[in-house]
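The residues making up each chain are set out below.
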There are 2 protein chains.
Amino acid sequence: MNIILLSGGSGKRLWPLSNDIRSKQFIKIFKREDGGLESMVQRVYRQIRKVDKEANVIIATSKSQVSLIHNQLGDNVGISVEPCRRDTFPAIVLATAYLHDIMGISGEEPVVVCPVDPYVDDSYFETLKLLGGQAAKGEANLVLMGIAPAYPSEKYGYIIPEKKADVSPVSSFKEKPDTETAKTYIAQGALWNGGVFAYKINYVLQKAHELIDFESYDDLFAKYDTLEKISFDYAVAENEPRIQMMRYSGGWKDLGTWNTLTEVMNETAVGNAVLNETCENTHVVNELDIPILCMGMKDVVVSASPEGILVSDKEQSSQIKPFVDQMGQQVMFAEKSWGSFHVLDVEEYSMTIKVTLKPGHRMNYHSHQHRDEIWNVIAGTGTVLIDGMEQPVSPGDVVTMQAGCRHTIIADTTLQVIEVQLGKEISVHDKQKFQLEN
Amino acid sequence: MNIILLSGGSGKRLWPLSNDIRSKQFIKIFKREDGGLESMVQRVYRQIRKVDKEANVIIATSKSQVSLIHNQLGDNVGISVEPCRRDTFPAIVLATAYLHDIMGISGEEPVVVCPVDPYVDDSYFETLKLLGGQAAKGEANLVLMGIAPAYPSEKYGYIIPEKKADVSPVSSFKEKPDTETAKTYIAQGALWNGGVFAYKINYVLQKAHELIDFESYDDLFAKYDTLEKISFDYAVAENEPRIQMMRYSGGWKDLGTWNTLTEVMNETAVGNAVLNETCENTHVVNELDIPILCMGMKDVVVSASPEGILVSDKEQSSQIKPFVDQMGQQVMFAEKSWGSFHVLDVEEYSMTIKVTLKPGHRMNYHSHQHRDEIWNVIAGTGTVLIDGMEQPVSPGDVVTMQAGCRHTIIADTTLQVIEVQLGKEISVHDKQKFQLEN
C-alpha cells in the first residue's frame, strides 16, 4: 500500500499544547499499551504498520514540521517537503511525483491520500487498503472514502452516492450544510467526506501535467513557489466524471477541539495532576513539571505547557482561537529531529534555554550576529565544534561563544545543556547556518 | 504607639502561593493606589504608619521569615527573632523585653499586640491607639479588642463583656463554638476575640518573671529553646481578673482561604491572565510568566506559582490542605533580604536557578561540600569573591566554583545570575557559611 499522509495546520484550537510549530497531530496525549504516551501522528503511523508492515508511507508537509516528524517517527519515515504552502492539489502532486520519480513506484500502482490525524479504529486502515485495491481495478479514476455519519454535523462536506452499496458511483458533493440540511442529506444516504481518496499514480500525474508545466519531481520542487494555491477537490475531484465512493462505518473522530480530544482520553489526567473526588467529567493535560490540583471542577479541561495555561468549560473550549491569536507569543518549547529545547527564562537582554540532544545527533553548525552564548553542560557527553576547533565536553564544562563565532554540539550520549543567550536583539531569525566540512 | 505584630504560620491553605517559607501574609495580592501590589504585612505596616508615623513596630517572628520581612518592609523594621517556635507567651515576652531592654522603652508605656495579617480598615489602627491609651490608664492590666461579629462564626473565640459600653470589664471567654451556640453568645452581646490586646510593659515583664527564670532580653534569648510552649491566653489572659475589653465595629477579615482572600481582591486577575466574558465570580492570581486563559468558569479560583497550579471551586478551596501535604515538594522560589531566587530546572544531577540581587546587597559567603556551581551573569554589575579573591562581573561573565570553594557575589546594580548547580547530592542543607573579613 502506498499512502500519502497530509500533515498541515497550526492548530491554535488546542492551545497551549499546540503552537505555531507544533500542530495538534504532534501532541502526545494517548496512552499506549506499554504505558507511554503517543501523538495522533504516532498513533496513525503505528496503526498503518500494524495493518500493512510493508506500506510505503509518505508524509506531505511543510519544512517547519520535518524536524518534529523525524523526532516522533524516526529518521526513516518518507517525507515530501513542500518548500512553501500551496494547498492540497500541489502538495498531492508533489508527493505523488516523489513516489514515482524518487521512490520508483510504477505509475499503475494505486495511492491512498488521507489526513495525518484522524482518530480511528484499525479497521479504517483495512478500508484504506480496499480503497487502493478498488482504484487499481480502474473502474473509476478516483475512489473516495465515505464515512457513515454519526450525527448531522455542520463541520463536514457530504458525498451523495448513486446507490446504497458499499461501493457506488458518486452522485454529487455537498458543501458543509446547516444541521437541518445535513439531516435531509443523511436521509438520502449521504456520507461524510473525510478527505480520503485513492487513485493510480499515472492519473494524478496526467492531471498535473494538464494544469502545471513541469518535467519531473525535481523540476516541480524547484518551481513550487510559483504554483497557484488550489485544493485537490476543486482542481480534480469536482470535475471528474469517473468517480466512486467506498463506505466506511467504523469509528472516526476529528479531534480538533479540547472537547472532542478529551472524549477519547482514556485517563482523566496526563502529567503531574491531582483531581479531588468532587471533580466530574474533568480532564487535565499537564506538560509542566509543577503539579496541578483541581477541586470541585465539572465539565472542565485544564491544560498547561511552557506557553500557557488553559482552564475552560469543555463546551466553550472550541471558542479559544481569538483569545490565543491575541496572545501572539513566543514559542517556548519545541521537539526537533535532534532533540528538544525549552525556554526557561526570558529577560530584556537575555534568554535561558534548556537544550536536550539525542545520542548521535547534533545541532546545525551556525552563528549569530547579535548575541553571545554560553553553554553549561549539565548531563551527558559529546563534542563541541567552535570555529573549526573540536573539544570533548561533559557535565560541568562551560563553553562561551562570542557573536559571529560558528558553533555546534554533537551528542555521544543524551546531552543536556543550559544555554544562556545574551544580547540587545535576541531573535530566532538571527541565525546563519554553515556546512560541516565532513 | 508601641506595636508587636505576631507573624506566624506556614499557610498551606493558600497553596501554591504560600509555602513552607512564604506564609500567606507575604503574598502580594492587593492593588495599591499607585497600581503596584502589596502583601498583607505590607498593607498592615503601611496602615500603621498612616495612623501613627512615629509608631514603634516590632515584628515577632521566626528566623526563617527575617529575610523575607526585610525584603518586603525594608531594612529598618524592628524584628524580635524567636530562635525557635515556643507559642505566643514566650514570643510576646521576648518582644516585650526587646522593647524594654534593647529599645529602652519605659516599663510604664503601653504595648499593643496584634496579628500581622488582619484585613482591616484604617479605623482598626485608630482603635489600637485607643487600646494602648486605655491600658496606660491602669484601670485594668489587660485591654482586649472585641470585634463586632459579622455572623455567628465557628472559627473564632468569643469575649462576653459585662456591659454593652464600648469599654467594659470582661465577664468571660468562650472557646470556638458551633453555629447555634455562637448565636446565643451574640444574643448576649459577645464579640470575636481577634487576638489583639494592650498592656503596660512592666505588667508582662512581671508575669514573665513569675513564670520564667531570666535576667534580661539577652538571657531570655539565649535560653529560649528551653522554654515551655504555652499560649498568652492560657498563661496570662485567662487568669487575669483585671481585664477589660474595647469594642471595634469596623471592617475585619481573616483571609485564611482562597475563598475569603478573593472576596477582598479589587480586580478579577493579578498577573498575566485573560478571562472571557462568560466567567462569573472567578479570580486568577498568576505569579508565572506564562498567560492563563479562563473560559466559562463560575465561582472558581485559579492560582499559579513556580510550585504548582490550583484550579478550585471557591467553596472547596478551604479543603486544600491534605492535598498540599501529599505533594510535599521543594521550595521553587523565595524572596530574601538580599533579593530573590527562582528554580528554573531540576534534573537528576543538576539544578538551574535564577538569582536576583538587590543593589548593594550580597549573598552569604558560603561553600558547598557536594556540588559545583557555575554563575552566568545576565544583568547588572557587581563583584564576586571566590576563596578571598575579588573580581568585578558584568553580563556575559561566567564564574565556575568547585565544591568546597568559598564564594559570594555583591551587587552594585540589580544583578541577575543564572546559577547552574551540579552534583550527585544537591540539597539546600549542603551549605557552610563564613564570616567576611571586613
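Residues numbered from 1 in each chain as written. Chains lettered and ligands numbered in written order. Predicted model: local features only at pLDDT ≥ 70, side-chain atom pairs only at ≥ 80, totals over all residues. Heavy atoms only, no water.

**Student:** What is the right way to read the relation of the copies chain A and chain B from this model?
**Tutor:** What connects the two chain copies is a rotation about an axis and a shift along it. In the superposition of chain A on chain B (RMSD 0.1 Å, axial shift 0.0 Å), the rotation amounts to 179°. Taken together, these values place the two copies in the relation of a two-fold axis. Closest to the rotation axis within chain A is the C-alpha of Leu344(A), separated from it by 3.0 Å. When the interface residues of chain A are mapped onto chain B, 100% of them are again interface residues, pointing to one common binding face. (Least-squares fit on C-alpha atoms with pLDDT ≥ 70 in both. Contact = heavy atoms within 4.5 Å.)

**Student:** Please explain the sheet that holds strand S18 (residues 300-305) of chain A as it appears in this structure.
**Tutor:** What links the strands of a sheet is backbone hydrogen bonding, and the strands pair in either a parallel or an antiparallel sense. The mixed open sheet is built from six strands, whose spatial order is S14(A)-S16(A)-S18(A)-S19(A)-S17(B)-S15(B). Each end of this open sheet is capped by a strand with a single partner; those strands are strand S14 (269-270) of chain A together with strand S15 (273-275) of chain B. By the bridge criterion, two bridges tie S14(A) to strand S16 (residues 283-286) of chain A in an arrangement that is parallel. If you follow Val270(A) over to S16(A), its bridge partner there is Val285(A). (Pairing = 2+ DSSP bridges. Helix = DSSP H or I, 4+ residues; strand = E, 2+ residues; numbered from the N terminus.)

**Student:** Just to check I follow, could you spell out the pattern of salt bridges for this structure?
**Tutor:** Close approach of charged atoms allows side chains with opposite charge to pair. According to the stated counting rule, one finds 40 salt bridges over all chains in the structure shown. Glu210(A) serves as the salt-bridge partner of Lys207(A), at 3.9 Å between the closest nitrogen and oxygen. Of the two residues, Lys207(A) and Glu210(A) are both situated in helix H6 (residues 201-211); the distance of three residues between them amounts to about one turn of the helix. One salt bridge connects Lys31(B) with Glu267(B), and the closest N-O pair in it is separated by 3.0 Å. Note that Lys31(B) is positioned in strand S2 (residues 30-31) and Glu267(B) in the loop between helix H9 (258-263) and strand S14 (269-270), a separation of 236 residues in sequence. Owing to a relative accessible area of 33%, Glu267(B) belongs among the partly exposed residues under this scheme. Members of the salt-bridge network, linked through shared partners, are Arg22(A), Lys28(A), Glu287(A) and Glu335(A). (Salt bridge = Lys/Arg side-chain N within 4 Å of Asp/Glu carboxyl O. Buried < 20%, exposed > 50% of the residue type's maximum accessible area, 1.4 Å probe, protein only.)

**Student:** Help me understand the interface of chain A and chain B, please; the structure alone is not making it clear to me.
**Tutor:** Interfaces are often described in size by the accessible area the parts lose on coming together. Each side of the interface is counted separately: chain A has 50 residues, and chain B has 50 residues. Where chain A abuts chain B, roughly 4,000 Å² becomes buried across the two surfaces, and 69% of that area is made up of carbon and sulfur atoms. Broken down residue by residue, the surface that chain A buries against chain B is led by Leu293(A), Met295(A) and Ile309(A), which jointly contribute 17%. Viewed at the interface, chain B and chain A are joined by four salt bridges. With its nearest N and O atoms 2.7 Å apart, the salt bridge here joins Lys354(B) to Asp345(A). Our enumeration of links across chain A and chain B arrives at 23 residue pairs in polar contact (both at pLDDT 80 or more). Residue composition of the side of chain A that touches chain B, grouped by class: 29 nonpolar, 15 polar and six charged. (Buried area = accessible area lost by both parts, 1.4 Å probe. Polar contact = N/O pair within 3.5 Å; in protein donor to acceptor, adjacent residues only side chain to side chain. Nonpolar A, V, L, I, M, F, W, Y, C, P; charged D, E, K, R; others polar.)

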